2 protein chains.
Amino acid sequence: MVKKLIEEITKKNAPVVAGLDPMLDYVPEGIKKEAFEKYGENLEGAAEAIWQFNKGIIDAIYDLVPAVKPQIAMYEQFGIPGMEVFSRTVSYCKEKGLVVIGDVKRGDIGSTSAAYATGHIGKVKIGNSFCTAFDEDFITVNPYLGSDGINPFLDVCKEEDKGIFILVKTSNPSSGEFQDKLVDGVPLYELVARKVAEWGAQCMDGTYSNVGCVIGATYPEMGRTLRKLLPNNYILVPGYGAQGGTAKDLKEYFNADGLGAIVNSSRGIIAAYKQEKYSKFGEENYADASRQAVLDMIEDINSAK
Amino acid sequence: MVKKLIEEITKKNAPVVAGLDPMLDYVPEGIKKEAFEKYGENLEGAAEAIWQFNKGIIDAIYDLVPAVKPQIAMYEQFGIPGMEVFSRTVSYCKEKGLVVIGDVKRGDIGSTSAAYATGHIGKVKIGNSFCTAFDEDFITVNPYLGSDGINPFLDVCKEEDKGIFILVKTSNPSSGEFQDKLVDGVPLYELVARKVAEWGAQCMDGTYSNVGCVIGATYPEMGRTLRKLLPNNYILVPGYGAQGGTAKDLKEYFNADGLGAIVNSSRGIIAAYKQEKYSKFGEENYADASRQAVLDMIEDINSAK
């Protein structure tokens, strides 16, 4: 699957992923009004609003970006109707040729991780049939439970040619509280990274592994160290834009081949129309604003590689 | 909410939680056959099978146990129909007066954790309405992202009188890979526990806090240390029974007041009929086998307190 991701990145010359993390505050009033009139101010209404919002953005940017990253929490908060829209968003993006990274941050003990793995990137056996549930291409995974929580995801990656991104160093301000703690002089995130290298070696797909990692754009010095430790693992980089990471910071995350990293922006793309820079588009043309924000982001990131 | 949990534990004299982690392999053939005939060997058929299976067990044990802990992965693997059964299971258990601990192990950066918190234990604002989505009483939470990933859960606990159990030391064999690493001579799980004490102090509900922790039954010596560090925090203890933890090991997890811990069994209860000990019940009386397993477990745990 990472081969496909690289192909799409190369074809579109865009090491960029659009984070589809719709919050109701981002959705233009007109879309909300229509959705609430149809379904009411309830879970169904909210789900319809974020679906219409997503669809507008996907239609406007699918030819520019190689991948999208829907954050499942933003759908899960709207219960079953929200989960339906998550699922519909995954399918719609795949129809448009996009690689879909489900930002689910799941992780549990063995048998439970196996259920998450089959449900999100694999096939679940029901009677004599094999069925897919959410069917993303990649998902994000939390490593706190250790190898036996990760192995079931690796098994599915191998069987199905899918991929995972394991949290190593997250972009948030208090990520250091546990992740930076020194274990015999080595920060915990580096220990996790070393395991990612081991796990990744089992799942090679060409030059890169189907097992990547998450390292926040907000910690470029750590990006530099980890890039060296993980030469064959793709880095999914959150924290660009709204969270404070700049293109200059991102240089560290790429390999000499110009590959090895894909930078996410969520709010900066999907709520672009709320920024002064794109306010000329107006609320009703929010998707055009997103398209312009993607074009600007691609230029910015490519200037830094 | 922990007050309510303690009331139910005391009333039923049972510091026990039944893990509703239905795997299709546990579901009696007759139930599967009927479900597949009705819906086919697909996600709907699987969801119907686990719903009927759950319902049988809940009806058979709700008067014995104070709480249930549905493991969301086992539902999520069946996509939207599975999530609907998760939601229906939560509602049905609450109707039966059970405290529901959603074993979801969510955790992310601030705004995303906020979405998980509102979706699972809070209310989400939609237009001028406040709606509930999954509406569990407690959920489990992963601490790897640090305080700003946890704070949104604390906010909702305070507002809604709900609770969380934060992963400290999990029951699986490779939990030590990261959790046991020494930071200045102190294992990481103990650093997490110290933070749990701080977070918990913000959410007191009587003598105990609405913020508890997860410590596996398979590590009793760590249970002893952590019990002292966390005198006011409930410990949710997985790993009893099928995973190897015994009642003798569990003594360490309780306080002198006989409170402070609630022990989970999943497979040992819901798939009891598959054990030789309960095989006399037969597959069709699987729920009666579960009831007997609960009675035996309560006696075993109470003997160890």
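Heads up: the structure comes first, above all this text.
Residues numbered from 1 in each chain as written. Chains lettered and ligands numbered in written order. Predicted model: local features only at pLDDT ≥ 70, side-chain atom pairs only at ≥ 80, totals over all residues. Heavy atoms only, no water.

## Re the relation of the copies chain A and chain B
Thinking step 1. When chain A is fitted to chain B, the best match, at an RMSD of 0.0 Å, comes from turning it 180° and sliding it 0.0 Å along the axis. Seen this way, the second copy is the image of the first under a two-fold rotation axis. Closest to the rotation axis within chain A is the C-alpha of Val183 of chain A, separated from it by 2.6 Å.
Thinking step 2. Residue by residue, 100% of the interface of chain A is reproduced at the interface of chain B, so both copies engage with the same surface. (Least-squares fit on C-alpha atoms with pLDDT ≥ 70 in both. Contact = heavy atoms within 4.5 Å.)

## Section: the interface of chain A and chain B
Thinking step 1. Taken together, the contact pairs 72 residues of chain A with 72 residues of chain B.
Thinking step 2. Viewed at the interface, chain B and chain A are joined by four salt bridges.
Thinking step 3. Residue Lys105 of chain B pairs with Asp108 of chain A through a salt bridge whose shortest N-O separation is 2.9 Å.
Thinking step 4. The interface formed by chain A and chain B holds 29 residue pairs in polar contact (both at pLDDT 80 or more) in total.
Thinking step 5. Here the side of chain A that touches chain B takes seven residues from helix α6 (residues 110–121) of chain A, the largest share from any one element. (Salt bridge = Lys/Arg side-chain N within 4 Å of Asp/Glu carboxyl O. Polar contact = N/O pair within 3.5 Å; in protein donor to acceptor, adjacent residues only side chain to side chain. Helix = DSSP H or I, 4+ residues; strand = E, 2+ residues; numbered from the N terminus.)

## Structural notes on the packing of helix α9 (residues 188–201) of chain B against helix α10 (residues 220–229) of chain B
All names here are of chain B.
Thinking step 1. Following both chains from N to C, one finds α9 and α10 inclined at 25°, their axes separated by 10 Å at the closest point. In terms of axis orientation, α9 runs roughly parallel to α10. Between α9 and α10 lies a crossing whose hand is right-handed. Residue-level contacts link Tyr189, Glu190, Ala193, Arg194 and Ala197 of α9 to Met222, Thr225, Leu226 and Leu229 of α10.
Thinking step 2. Across the contact of α9 with α10, the residue classes break down as six nonpolar, one polar and two charged. (Axes fitted to C-alpha atoms, helices over the stretch in contact; angles between N-to-C directions. Parallel < 35°, antiparallel > 145°, perpendicular 65-115°, else oblique. Left-handed = near helix turned anticlockwise from the far one by under 90°. Nonpolar A, V, L, I, M, F, W, Y, C, P; charged D, E, K, R; others polar.)

## Some points on the packing of aromatic side chains
Thinking step 1. In the structure shown here, the tally under the stated rule is 14 aromatic pairs over all chains.
Thinking step 2. Ring centres 5.5 Å apart and planes at 70° place the aromatic pair Tyr75 of chain B and Phe86 of chain B in the edge-to-face group. With Tyr75 of chain B in helix α4 (residues 73–76) and Phe86 of chain B in helix α5 (residues 79–95), this residue pair connects regions lying eleven residues apart in the sequence. Here Tyr75 of chain B and Phe86 of chain B have matching classes, each one buried.
Thinking step 3. Between Tyr208 of chain B and Tyr234 of chain B the ring centres are 5.1 Å apart and the planes differ by 65°, which places this aromatic pair in the edge-to-face class. Here Tyr234 of chain B lies in strand β12 (residues 233–237) and Tyr208 of chain B lies in strand β11 (residues 208–215), a separation of 26 residues in the sequence. Across the pair, exposure class does not vary: Tyr208 of chain B and Tyr234 of chain B are buried alike.
Thinking step 4. Joined through ring pairs, the aromatic side chains of Phe53, Tyr273 and Tyr286 of chain A make up one cluster.
Thinking step 5. Sitting above the plane of the Trp51 of chain B ring, Arg88 of chain B keeps its charged end 5.1 Å from the centroid. (Phe/Tyr/Trp six-rings, centres within 6.5 Å; stacked < 30°, edge-to-face > 60°. Buried < 20%, exposed > 50% of the residue type's maximum accessible area, 1.4 Å probe, protein only. Lys NZ or Arg CZ within 6 Å of the ring centre and 35° of its normal.)

## With respect to the pairing of strand β2 (residues 67–70) of chain A
Residues and elements named next belong to chain A.
Thinking step 1. A two-sided burial pattern is seen for β2, the buried positions comprising Ala67 and Lys69 on one face and Val68 and Pro70 on the other.
Thinking step 2. The sheet contact formed by strand β1 (residues 16–20) and β2 spans four bridges and is parallel. Residue Val17 lies in a different strand from β2, and its bridge partner there is Ala67.
Thinking step 3. Sheet topology places β2 next to strand β3 (residues 99–106); two bridges connect them, and they run parallel. Bridge pairing links Val68 to Val100 in β3. (Pairing = 2+ DSSP bridges.)

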